[in-house]
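A structural walkthrough
In case you want the letters, here they are:
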Amino acid sequence: MSIQIKDVSKAFGSFQALQDINLDIETGELVALLGPSGSGKTSLLRIIAGLEASDNGVILFGDEEMTHIRTTERKVGFVFQHYALFKHMTVADNVAYGLKVRSKKERPSKKEIKEKVKELLSLVKLDAFADRYPSQLSGGQRQRVALARALAVEPKVLLLDEPFGALDAKVRKELRRWLRRLHDDFHITSIFVTHDQEEALDVADRIVVMNEGKIEQIGSPEEVYEHPNSPFVYDFLGNVNVFHGRLEDGTWRNGADSLHQQALAYVRPHDVAIERQKSAEDAVQAEIVHIHVVGRTVHVELKQGDTDRFLEAELTKDRYRELDLKPGETVFVRPNQLKVFIPEDYSI
Amino acid sequence: MAKKKWKKHSILPGFGLSLGFTTLYVSLLVLLPLAMIFVNTASMSWADFWATVTEPRVVASYKLSFGAAFAAACINVVFGVLIAWVLVRYSFPGKRVIDGLVDLPFALPTAVAGIALTTLYAETGWVGQFLSFKVAFTPIGITIALTFIGLPFVVRMVQPVLQNFDQETKEASAILGASRLQTFVKVIVPEILPAALTGFALAFARALGEYGSVVFIAGNMPMKTEITPLLIMTKLEQYDYEGATAIAAVMLVISFVLLLFINGLQWWTNRKFAHS
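Scoring rules and cut-offs
Residues numbered from 1 in each chain as written. Chains lettered and ligands numbered in written order. Predicted model: local features only at pLDDT ≥ 70, side-chain atom pairs only at ≥ 80, totals over all residues. Heavy atoms only, no water. UniProt positions renumbered as here; feature names shortened; annotations may be inferred. Helix = DSSP H or I, 4+ residues; strand = E, 2+ residues; numbered from the N terminus. Buried < 20%, exposed > 50% of the residue type's maximum accessible area, 1.4 Å probe, protein only. Contact = heavy atoms within 4.5 Å. Areas by Shrake-Rupley, 256 points an atom, 1.4 Å probe, with all protein chains shown as cover. Lys, Arg positive; Asp, Glu negative; His and termini not counted. Charge placed at Lys NZ, Arg CZ, Asp CG, Glu CD. Phe/Tyr/Trp six-rings, centres within 6.5 Å; stacked < 30°, edge-to-face > 60°. Lys NZ or Arg CZ within 6 Å of the ring centre and 35° of its normal. Domains from an automatic or database assignment. Buried area = accessible area lost by both parts, 1.4 Å probe. Salt bridge = Lys/Arg side-chain N within 4 Å of Asp/Glu carboxyl O. Core = buried A, V, L, I, M, F, W, Y, C linked by side-chain atoms within 4.5 Å. Pairing = 2+ DSSP bridges. Axes fitted to C-alpha atoms, helices over the stretch in contact; angles between N-to-C directions.

An unreviewed UniProt entry lists chain B under the name Sulfate transport system permease protein CysT, from Domibacillus enclensis. The annotation that UniProt attaches to chain B under Sequence similarities (unreviewed entry) is "Belongs to the binding-protein-dependent transport system permease family. CysTW subfamily."

Chain A appears in an unreviewed UniProt entry as Sulfate ABC transporter ATP-binding protein from Domibacillus enclensis.

Right, let's talk about the overall build of chain B for a bit. A tally of regular secondary structure across chain B gives 12 helices and zero strands. Referenced to the eigenvectors of the C-alpha coordinate spread, the extents of chain B come out at roughly 70 × 65 × 30 Å. Expressed as a percentage of its 276 residues, the buried residues of chain B come to 39%. Partitioning the intrachain contacts of chain B with sequence separation of at least 6 by distance along the chain shows that 75% fall at a separation of at least 24. Surface accessibility of chain B: about 16000 Å² in total, with carbon and sulfur atoms responsible for 71%. Positive and negative charge centroids in chain B, built from 20 and 14 side chains respectively, lie 12 Å apart.

This part is about the overall build of chain A. What chain A contains, in helices and strands, is 10 helices and 19 strands. Each of the three principal axes of chain A carries a C-alpha extent, and together these read 80 × 45 × 30 Å. Here chain A holds 348 residues, and 49% of them are scored as buried. Nonlocal contacts in chain A, meaning residues at least 24 apart in sequence, comprise 64% of its contacts between residues at least 6 apart. For chain A, the accessible area works out to roughly 17000 Å², and carbon and sulfur atoms hold 45% of it.

Our focus in this paragraph is the side chain of N76 of chain B. Residue and element names in this part refer to chain B. Tracing the backbone through its elements, the reader meets N76 in helix α3 (residues 56-89). The class of N76 is buried, set by a relative accessible area of 2%. Aside from chain neighbours lying at most four places away, what touches N76 is V81, L146, T147, G150, L151, V154 and A203.

Remark: the centre distance and the inter-plane angle together describe each pair of aromatic rings, the angle taken between the planes. Counted according to the given criterion, the structure contains 15 aromatic pairs over all chains. With a centroid separation of 6.4 Å and an interplanar angle of 85°, the aromatic rings of Y234 of chain A and F341 of chain A are classed as edge-to-face. With Y234 of chain A in helix α9 (residues 231-236) and F341 of chain A in strand β19 (residues 339-341), the pair connects residues that are 107 residues apart, well separated along the chain. Consider the rings of F106 of chain B and F153 of chain B, whose centres lie 4.9 Å apart with planes at 70°: the pair is edge-to-face. Taken together, the positions of F106 of chain B in helix α5 (residues 104-107) and F153 of chain B in helix α7 (residues 139-163) put the pair 47 residues apart, joining distant regions of the chain. Note on F106 of chain B: relative accessible area 42%, which makes it partly exposed. Taken together, Y234, Y266 and F341 of chain A form an aromatic cluster joined through their ring pairs. In this structure, R149 of chain A is placed above the aromatic ring of F86 of chain A, and the distance from its NZ or CZ to the ring centre is 4.7 Å. Here the basic side chain of R268 of chain A rests over the ring of Y225 of chain A, its NZ or CZ set 4.4 Å away from the ring centre.

Now for the UniProt feature "transmembrane region" (unreviewed entry) in chain B. Residue and element names in this part refer to chain B. The UniProt record marks residues 12-39, 66-88, 100-121, 133-155, 184-205 and 243-262 with the feature "transmembrane region" (unreviewed entry), using the residue numbering of this structure. Secondary structure over residues 66-88 splits into 100% helix and 0% strand, and the C-alpha atoms at its two ends are 32 Å apart. The annotated region residues 243-262 carries 100% helix and 0% strand content, and the separation between its end C-alpha atoms amounts to 29 Å.

Split into domains, chain A comes out as domain 1 (3-236) and domain 2 (268-338). A separation of 41 Å is found between the C-alpha centroids of domain 1 of chain A and domain 2 of chain A.

Take the UniProt feature "domain: ABC transmembrane type-1" (unreviewed entry) in chain B next. This chain's UniProt record puts "domain: ABC transmembrane type-1" (unreviewed entry) on residues 62-262 of chain B. Helix makes up 77% of residues 62-262 of chain B and strand 0%. Its end C-alpha atoms lie 19 Å apart.

With 22 residues of chain B in contact, the opposing surface of chain A contributes 22 residues. Across the interface of chain B and chain A, roughly 2100 Å² is buried in total on both sides, 61% from carbon and sulfur atoms. At the surface where chain B touches chain A, the tally comes to two salt bridges. Measuring nitrogen to oxygen at the nearest pair gives 2.7 Å for the salt bridge that ties E171 of chain B to R46 of chain A. Looking at the side of chain B that touches chain A, the elements with two or more residues in it are α8 (167-175), α9 (180-209) and α12 (241-273) of chain B. If you tally residues by element for the side of chain B that touches chain A, the top one is α8 of chain B, at seven residues.

What follows is about the UniProt feature "domain: ABC transporter" (unreviewed entry) in chain A. UniProt records the feature "domain: ABC transporter" (unreviewed entry) at residues 3-237 of chain A, using the numbering of this structure. End C-alpha to end C-alpha, residues 3-237 of chain A measures 25 Å, and it is 37% helix and 26% strand.

What follows deals with the nonpolar core. Across soluble globular proteins, you tend to see nonpolar side chains buried next to one another. Membership of the largest hydrophobic core comes to 47 residues, with the highest contact counts inside it found for V95, L121 and I207 of chain A. Broken down by element, the residue count for this core peaks at seven residues, all from helix α5 (residues 139-152) of chain A. Excluding residues within four positions of it along the chain, V95 of chain A makes contact with V117, L120, L121, V145, A148, R149 and A152 of chain A. Core analysis: the next-biggest nonpolar cluster, separate from the first, contains 38 residues, I149, F153, F204 and M251 of chain B among them.

Residue and element names in this part refer to chain A. Spatial strand order, β14-β18-β15-β16-β17: five strands in an open sheet with antiparallel pairing. Sheet topology places β14 (272-275) and β17 (310-316) at the edges, where each strand pairs with a single neighbour. Across the sheet, the mean angle from the axis of one strand to that of its neighbour is 45°, orientation sign disregarded. Bridge count between β14 and strand β18 (residues 330-335): four bridges; the pairing is antiparallel. Following the sheet pairing, I274 is matched in β18 by V333.

Let's shift gears to the sheet that holds strand β4 (residues 56-61) of chain A. All names here are of chain A. Overall, antiparallel pairing links the four strands, which are arranged β2-β1-β4-β5 in an open sheet. The strands lining the two open edges of the sheet, one partner per strand, are β2 (15-25) and β5 (64-65). Relative to β2, strand β1 (residues 3-12) runs antiparallel, the two being bridged by seven bridges. In the sheet register, I3 faces β2, and the bridge partner there is I25.

Residue and element names in this part refer to chain A. Relative to the elements of secondary structure, G57 occurs in strand β4. According to the relative accessible area criterion, G57 is partly exposed, its value standing at 24%. Placed 37 residues apart in sequence, G57 and D20 show a C-alpha to C-alpha distance of 7.7 Å. Those residues in contact with G57 that lie beyond four places of it in its chain are K6, D7, V8 and T67.

So, in structure tokens, the structure goes:
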């Protein structure tokens, strides 16, 4: 089911949580709402679920207006960051809850419910845990129960609020993959909120980057990562180096001066090349401060010779061995690919 | 087989010391005085004892005492939960005052409460004159007095549980399509049940032993509105110490069995419902 959000605004007291949000989500899409805390992403999700009322604006599921439909009747699935499982019910009872509370007319028979629960528990690979209580499960298992519970009512829309936020890195990655596969199998229109850019890039079909109650950019993971349309998005979607420079006849030059328009160049660490010899005019002299090896990549921290600003570069291990870098050495640094922003009020 | 280990390994030292102290303290403060009741009673012959404790007037008082205490505790569970709910869920002017008022039955000398209630509910009293049935000097009046003194227990037990109740659990229930009533019955009640039961047990126990507030409103008519604690007092005033302790012993045993049963129930609900 497609979702349309039109001019939705929401204020909590004097705090403007959302401001004129417009967003179309197509049927079967998996969309990530990405932003720092306080950016309004969770508020937007809760408004879609009907847990919060928007101050103005309209929400449509398909052609049906949902703005004044109560949560209970919206038929959405919702997964909370802290699971929100019913502590006093077994895993099986938790999953069955949404079916059991239906009115007699719509409620499946006991046998059907039992089968459905069994099917869902095997889907989330928790068949053996049906009679356990949530307190006897690990975080990752609890979140899988929560997902099965949300899916039991066959929602047309699945909403996930930082679903993996409370889990450790390895489980998180696993569940992420699993969610992606699940989505590919079932094609439920899904929206998930996250502040983890890696998670959003990894899982989503489309990413909606939010900041201070507004949408900064909407696009595919590749689009937002490769072509961020604002310094905020650039900064939020990964590590970044900023070179302070100037615009000369439409091209960027390193080093600011008072004659030209100031311009900032944003460069990702893996687009920073380190060289022993100065090969180009815009290469900058820098001193290696620190080197640390993480798996197959080598992170090199440098101090720019001319401005004393710190830079971060990422090399492959081969390149690192070739250069034979040591802390304290002086090298030249060249941005391979940069994106130039004219500074307004945004400062990094 | 190795010696059975009943003492679990713990990083906190002083298990022996603290257990020893607890045992001593409870013995001195609770067990010893209670044991005196049985020692005193033991000086009676079995026939005398049986005759005293099964006297029709005494049996009628047991029924009244336990019945009224039970009814009062039940009323307190229902309205105590309601008050706790309102105090936790809503904010309104005067909330702090009401919150403070809840504890008042604890602080008030019970005789004062008894006199006040009697004045109100007497046939000519402010409330009593509007009622078509008699309240003061009937079991209803006794139940009202016992409800009054037991009110804080349930409220104060349930309040913190409701305060810590995870809002998201309720939201999850609503999203899954449950009506408000279903959410209340299936999600909230199980959560507060252990605390409400504890409150019930406390209110019940307190009501069983209550004397001061009841004697005024009860009217103390033999066979009709005479509670067991009053009978004990009467016997004491007649220097019938053995008779008094005999009735006390019976009451003590019944109370203990009932409280043990409620405790068992609590333990069971805790195991079943409170998986945190």
